[in-house]
Amino acid sequence: MTTTALLAELERELGPGGIRRGDQIAQRHWADVSGLDPVCPLALILPRTVAEVSAVMAACRRHGHTIIVQGGMTGAAAGAQPREGEIALSLERLNGIEETDPWSATMTVLAGTPLAAIQKAAADAGFSCGIDLGARDSATIGGIVSTNAGGNQVIRYGMARRNILGLEVVLADGTVVTGLNKMLKNNAGYDWTQLFIGAEGTLGVVTRVVVQLQPPLPAVRAALLAVDGTNEALAALRLARQMLPAGLLVFEIMWREYYELAASVEGVAPPLPAGHDGYVLVEVPGPAAGDHPIEAWLERALEEGLIQDAVVARSLADRNAFWAMRESAYKFSQVVAPPINFDISFPLDRMAEAIDRMRAGMPALGPDVKWCVFGHLADGNVHVMVMTPRKTEVKEAVDDLVYGITAALGGSVSAEHGIGRVKRKHLPLSRSPEELALMQRLKTCLDPQGLLNPGRVVDPTSD
Ligand SMILES: Cc1cc2nc3c(=O)[nH]c(=O)nc-3n(C[C@H](O)[C@H](O)[C@H](O)COP(=O)(O)OP(=O)(O)OC[C@H]3O[C@@H](n4cnc5c(N)ncnc54)[C@H](O)[C@@H]3O)c2cc1C
């Protein structure tokens, strides 16, 4: 009865194009990339303006009805993926760049704008966007803010949080709060915008974002290094930070289990021979040809025994070959089996132990289990993939192993993808009871009726 009344009211408010039901709802709204079975939402609400988002939330409050928020559906934690009977609010029609301000180096955009459109507009205006990730064509800035996403450039520009200066949000009661700050310095009271970054849509709906732009992307020199241990790779990183004044753009590690699997993917050729403990893909700003400080760093790292081998890209084709290894993970499910994925982080001084413990524990899962680990080493963020035809059977044991090591070493169960629905029960492994209680109080304060994204992050409504 409540649902019928709510939808009738929203239909009047938004017009017939503002609500879709049943087979009018495209399949991209049924599932994100968490791997859970797709579910068609009961209805899909498609506001075109911030006023319409506000009207939707005000109606939900009046009817005491929950709603879930959808961006580009590239999230990996099932935050935006509907459960049976849920109504989804998609920001896809709230899309567009409203202002590029060259004086402040900022861009003000509507929340449903895909990252690739922001990157292109930034380049056209003589800037770059400090946020980049593989899902750039579909991921929206609202989803990126809400998951505090961070991808390939975190080592230089930080996670989404560091690239956002201002926000506009619609609260669970429909109130529009606008804080489209463009200043680097603004200490006028609480910076409430920070609360909504990484809140995964549980505290409010992000409608506008002020993105801090960066200078245009520099030319880079890429290299692939072989290392004989995690700590050696970390020591090479420390040396790079001392010897490369322009800093690093990329420092991505592929441990040996990953490198061997990547080499078995059709069309992927390993640039360095297998047999080392790990391989690091590095990109350093500087001229693509001629002398470059990367040479002196590599020489010193070889002399000190931190790296065993290295190849520097001499052409775009070489650089692409390095990235083909790093990006081949998306094809492992074809070579082996659909993976159980982990997105975890460790303090860097515990990283070597984390890898050793995983190596010690994985064989007990069975001889048919293949696994690998790789990721953004400088950020402490590794992705673990565990692949076996017995995925359902071993899932709990794999979770126990990987999250057990994560908790024991003071790591985080979510480095970048968030908690959503899929990691909710593991959240206490990375947060103290006091931290969880504070999160609950914030949720209750901003959304006392529990209307936004129920069952996600700290909301106790179970599946
Ligand atoms: C190929 C690929 C590569 C990826 N690489 C990375 C990576 O390198 N780093 C990384 O961090 N992530 C990565 N991801 C994960 C994903 O891209 C990010 O989480 C992304 O930012 C989600 O954006 P989205 O618009 O798709 O959000 P969705 O998936 O639609 O939603 C994600 C969460 O945000 C909430 N949300 C969405 N929009 C809003 C809004 N306007 N207001 C309030 N809440 C909202 C949803 O409710 C949900 O909880 C990758 C995903 C893929 C498929």
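Please read all numbers here as calculations on a predicted model, not as lab measurements. (Residues numbered from 1 in each chain as written. Predicted model: local features only at pLDDT ≥ 70, side-chain atom pairs only at ≥ 80, totals over all residues. Heavy atoms only, no water.)

### Points about helix α2 (residues 50-63)
Inclusion rule: Counting from the N terminus, the helices are DSSP H or I runs at least four residues long and the strands are E runs at least two residues long. Residue count minus one, scaled by 1.5 Å, sets the expected span of a helix. The cut-offs for exposure are 20% and 50% of the maximum accessible area for each residue type, with area from a 1.4 Å probe on protein chains only; residues under the lower value are buried, those over the upper are exposed, and the others partly exposed. It only takes one pair of heavy atoms within 4.5 Å for two residues to be counted as in contact.
Its 14 residues place the ends of α2 20 Å apart at the C-alpha level, agreeing with the 20 Å of an ideal helix rising 1.5 Å per residue. Taken across its 14 residues, α2 has 10 buried, putting it largely inside the fold. Of all the positions in α2, only Val50, Glu52, Val53, Ser54, Ala55, Val56, Met57, Ala58, Ala59 and Cys60 are classed as buried. The inward-facing, buried residues of α2 contact α1 (2-14), β2 (43-45), β4 (87-90), β8 (164-170), β9 (176-179) and β10 (205-214). Directly beyond the C-terminal end of α2, a positive phi value near 60° is found at Gly64.

### Things to note about the site of the ligand
For the record, the criterion: One heavy atom within 4 Å of a molecule or strand is enough for the residue carrying it to be called near that molecule or strand. Distance and chemistry together define a polar contact, namely a pair of N or O atoms within 3.5 Å, with one atom able to donate a hydrogen and the other to accept it when in protein, and with adjacent residues in sequence counting only for side-chain atoms on both sides. Each residue gets one of three labels, nonpolar for Ala, Val, Leu, Ile, Met, Phe, Trp, Tyr, Cys and Pro, charged for Asp, Glu, Lys and Arg, and polar for the others, Gly among them. Each domain span listed reflects an automatic or database assignment of domains.
Within the structure, the ligand sits among 34 residues, and Val69, Thr74, Gly75, Thr140 and Gly150 are positioned closest to it. Backbone polar atom of Gly150 to a nitrogen atom of the ligand: 2.4 Å apart, as the coordinates give it. With respect to the ligand, the side chain of Glu416 contributes an N or O atom lying 3.2 Å from a nitrogen atom. Grouping the amino acids of the shell around the ligand by side-chain chemistry returns 14 nonpolar, 18 polar and 2 charged. Residue assignment places the shell around the ligand across two domains, with domain 1 (2-92) and domain 2 (97-214) each supplying three or more.

### Regarding the packing of helix α12 (residues 351-361) against helix α13 (residues 391-408)
For clarity, the threshold we go by: Each axis is a line fitted through C-alpha atoms, and for a helix only the stretch in contact is used; angles between axes span 0 to 180 degrees, taken between their N-to-C directions. Geometric relationships in this document are graded by angle, where less than 35 degrees denotes roughly parallel, more than 145 denotes roughly antiparallel, 65 to 115 denotes roughly perpendicular, and other angles denote oblique. In this scheme, a crossing is called left-handed if the near helix is turned counterclockwise away from the far one by less than a right angle; it is called right-handed if the turn is clockwise.
It is at 10 Å that the axes of α12 and α13 come closest, and there the two elements cross at 150°. Classified by the angle between their axes, α12 and α13 sit roughly antiparallel to one another. In this structure, α12 crosses over α13, and the sense of that crossing is right-handed. Across the interface between the two elements, Ala354, Arg357, Met358 and Gly361 of α12 pack against Leu401, Ile405 and Ala408 of α13. Tallied by class, the residues present in the contact of α12 with α13 amount to 5 nonpolar, 1 polar and 1 charged.

### Observations regarding a nonpolar patch on the surface
Worth spelling out the cut-off: Each patch is built from salt-bridge-free residues with over 30% relative accessible area, joining like charges within 9 Å and nonpolar side chains (Val, Leu, Ile, Met, Phe, Trp, Tyr) within 5 Å. Reported accessibility uses the Shrake-Rupley method at a 1.4 Å probe radius. Residues are deemed covered only where the shown protein chains occlude them. A pairing counts as a salt bridge when a side-chain nitrogen of Lys or Arg comes within 4 Å of a carboxyl oxygen of Asp or Glu.
Residues Leu195, Leu438 and Leu442 make up a contiguous nonpolar surface patch of about 230 Å² in total accessible area. Along the polypeptide, Leu195 turns up in helix α6 (residues 193-196).

### So, the sheet that holds strand β1 (residues 19-20)
Selection criterion: Pairing between strands is defined by DSSP: at least two bridges between them are needed.
Spatially, 4 strands are ordered β1-β2-β4-β3 in an open sheet, and the strand pairing comes out mixed. Each of the sheet's edge strands pairs with one partner strand only, and the pair in question is β1 and β3 (68-70). Bridge count for β2 against β4 is 3 bridges, and the pairing is parallel. Residue pairing in the sheet places Leu44 in a bridge with Ala88 of β4. Strands in contact with α1 are β1, β2 and β4; relative to β2, the strand with the most contacts, it is inclined by about 35°.

### A few points about unusual backbone geometry
Even without being a glycine, Asn148 presents a positive backbone phi close to 45°. Of note, Asn148 is situated in the loop between α4 (141-146) and α5 (154-157). The backbone phi angle of Val457 is positive, close to 60°, even though this residue is not glycine. A relative accessible area of 13% means that Val457 is categorised as buried.

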